[in-house]
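# Summary of the model geometry
Below are the chains, spelled out letter by letter.
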There are 2 protein chains.
Amino acid sequence: MLKYQKIAEQLFSFIKSNNLKQGDCLPSLNKLIQQYGASKTTVLKALDQLERDGFIYQVQGSGTFVRNIPDEHFINFNVSHGWTNDFTKTKMENSDVTVEKTLPTPLVASRLQCAIDTPVYKVQRLKKQDDKIFCLETSYYNANVVPFLNEDIAKASIFHHISDVYQINVGFSDKYFKVRRLTNFESDKLNLPQDSFGLAVHETFYTTAGDIFDFSENVYHHENATFYI
Amino acid sequence: MLKYQKIAEQLFSFIKSNNLKQGDCLPSLNKLIQQYGASKTTVLKALDQLERDGFIYQVQGSGTFVRNIPDEHFINFNVSHGWTNDFTKTKMENSDVTVEKTLPTPLVASRLQCAIDTPVYKVQRLKKQDDKIFCLETSYYNANVVPFLNEDIAKASIFHHISDVYQINVGFSDKYFKVRRLTNFESDKLNLPQDSFGLAVHETFYTTAGDIFDFSENVYHHENATFYI
DNA sequence: GTATATTTGTTCGTATGTATT
DNA sequence: AAATACATACGAACAAATATA
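Residues numbered from 1 in each chain as written. Chains lettered and ligands numbered in written order. Predicted model: local features only at pLDDT ≥ 70, side-chain atom pairs only at ≥ 80, totals over all residues. Heavy atoms only, no water.

The local shell around DNA strand D holds 24 residues, among which Leu29(A), Lys40(A), Lys3(B), Thr42(B) and Lys45(B) are the closest. If you look at DNA strand D and keep only atoms within 4 Å of the protein, 71% of those are sugar or phosphate atoms. A distance of 3.4 Å is found between a sugar or linking oxygen of DNA strand D and a backbone nitrogen or oxygen belonging to Gly61(B). One of the side-chain N or O atoms of Ser62(B) is found 3.4 Å from a phosphate oxygen in DNA strand D. Counting only elements with at least two residues in the surface near DNA strand D, the list comes to helix 3 (40-52), strand 1 (56-59) and strand 2 (63-66) of chain A together with helix 1 (3-17) and helix 3 (40-52) of chain B. Among the elements that line the surface near DNA strand D, the one with the most residues is helix 3 of chain B, at four residues. Residues belonging to the surface near DNA strand D are distributed by class as follows: six nonpolar, 14 polar and four charged. (Near = heavy atom within 4 Å. Polar contact = N/O pair within 3.5 Å; in protein donor to acceptor, adjacent residues only side chain to side chain. Helix = DSSP H or I, 4+ residues; strand = E, 2+ residues; numbered from the N terminus. Nonpolar A, V, L, I, M, F, W, Y, C, P; charged D, E, K, R; others polar.)

The tally for this structure, following the rule as stated, stands at twelve salt bridges over all chains. Here Asp174(B) makes a salt bridge to Arg67(A), at a shortest N to O gap of 3.1 Å. You can see Asp174(B) sitting in strand 7 (residues 170-181) and its partner Arg67(A) sitting in the loop between strand 2 and strand 3 (75-76), one on each of two chains. With relative accessibility at 9%, the residue Asp174(B) sits in the buried group. A salt bridge links Glu203(B) to Lys175(B); the nearest nitrogen and oxygen atoms lie 3.8 Å apart. One end of the pair, Glu203(B), is in strand 8 (residues 197-207); the other, Lys175(B), is in strand 7, and 28 residues separate them in sequence. Owing to a relative accessible area of 5%, Lys175(B) belongs among the buried residues under this scheme. What emerges from the salt-bridge pattern is a single network uniting Arg180(A), Glu186(A) and Glu217(A). (Salt bridge = Lys/Arg side-chain N within 4 Å of Asp/Glu carboxyl O. Buried < 20%, exposed > 50% of the residue type's maximum accessible area, 1.4 Å probe, protein only.)

As assigned here, chain A comprises domain 1 (3-66) and domain 2 (74-228). Between the C-alpha centres of domain 1 of chain A and domain 2 of chain A there is a distance of 33 Å. (Domains from an automatic or database assignment.)

Right, dumping it as structure tokens:
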């Protein structure tokens, strides 16, 4: 692990273990430089990462301070994979898992930016948190990039699997969302009355090298799924 | 304007004016260093900002590439003030503006982290985009931080006003959201049937110095409001 | 397939600027 | 007015990943 990442992790642990609250002050840059035996550049990079992640904020001439810890009943909308609020990891369980090797619809092919005769894995999963139905996920993996998937892999974590086995690492994603009425199939799966509404999220995932490997649509249970950013 | 900001702006303009698409390559670091007469650190800082904003991605050993331009019908969920997708600025108009100096409810006081006898401005605005109703905003400003507001200011831009007049600059915000049924008042304002659903967003705004000055609830029209991140 | 060049990523050190205390 | 603390910018060296010959 890199030096600035290690510093960022230790500072984060410091905040958690000392139970620091919004507005509490962190040690000054110079103290952190001494404390970690690092250069200013390196400590600043660690602080910048923590700031991007929403844990701290820096005020010129004043100091570095802790931000609010997000309410634990809400889920970080930025990490749709991993499902953690970074403070208390919430266990997300997959059920009703189906995996099918098939050909993409025109919409899916356009989102995966592949030809319509490119084989894709269609994966559907019902995600539950503490036995509460959280969302229905329908995702499509380009089989030319992700050579193999099955129910066992999908029941655990697809992203971890393809990272471990194929060294395919998630880089970034395009993410669109809106509120819409559920289809009968969706309301059935989510155990909601017909004509219920939910949050529908379309997300296209790219590898760190910029290649598309996954397009997903998640439909969230409007009562059980609440988010923060 | 700072050097790295200027470089970031010019690179962004370069992408737009040359109509670059997803995957297109930007000049290498060394070329940018020569081109802008800046150090590696400074150019990197500009690139990091553009990467954070979702415009580019960097691949070690390979190069720097352009990301997808977001669909123009979707709005950047991260900038609830300003209302721009950074490529085509969409005009957002305020109507049905009311401003009232009052005392906070317990919920509002807790969100503003102020006493219940602290005066606050309650501002309500209906936001329209091309005459389509976009959302109903109800916001509360701590009057000890923002000394004065009226309908004229609220009809234009409150954030611009308090930045210009009081040097109060927005630093960051805590943002929570979920899908819920609208109240009768809300569905009436949004011109939707009763019992419609919408996206409800609670956002607490902090100044760059870390002081809370605004708590807002936005309720979005589920047909007219679509987002990206 | 391998060596080499290219390109981004990390880390160090230093100087100067700017805002707050 | 002075001290403190973060912000910007420069330069240099080395590391790591990728592209190319």
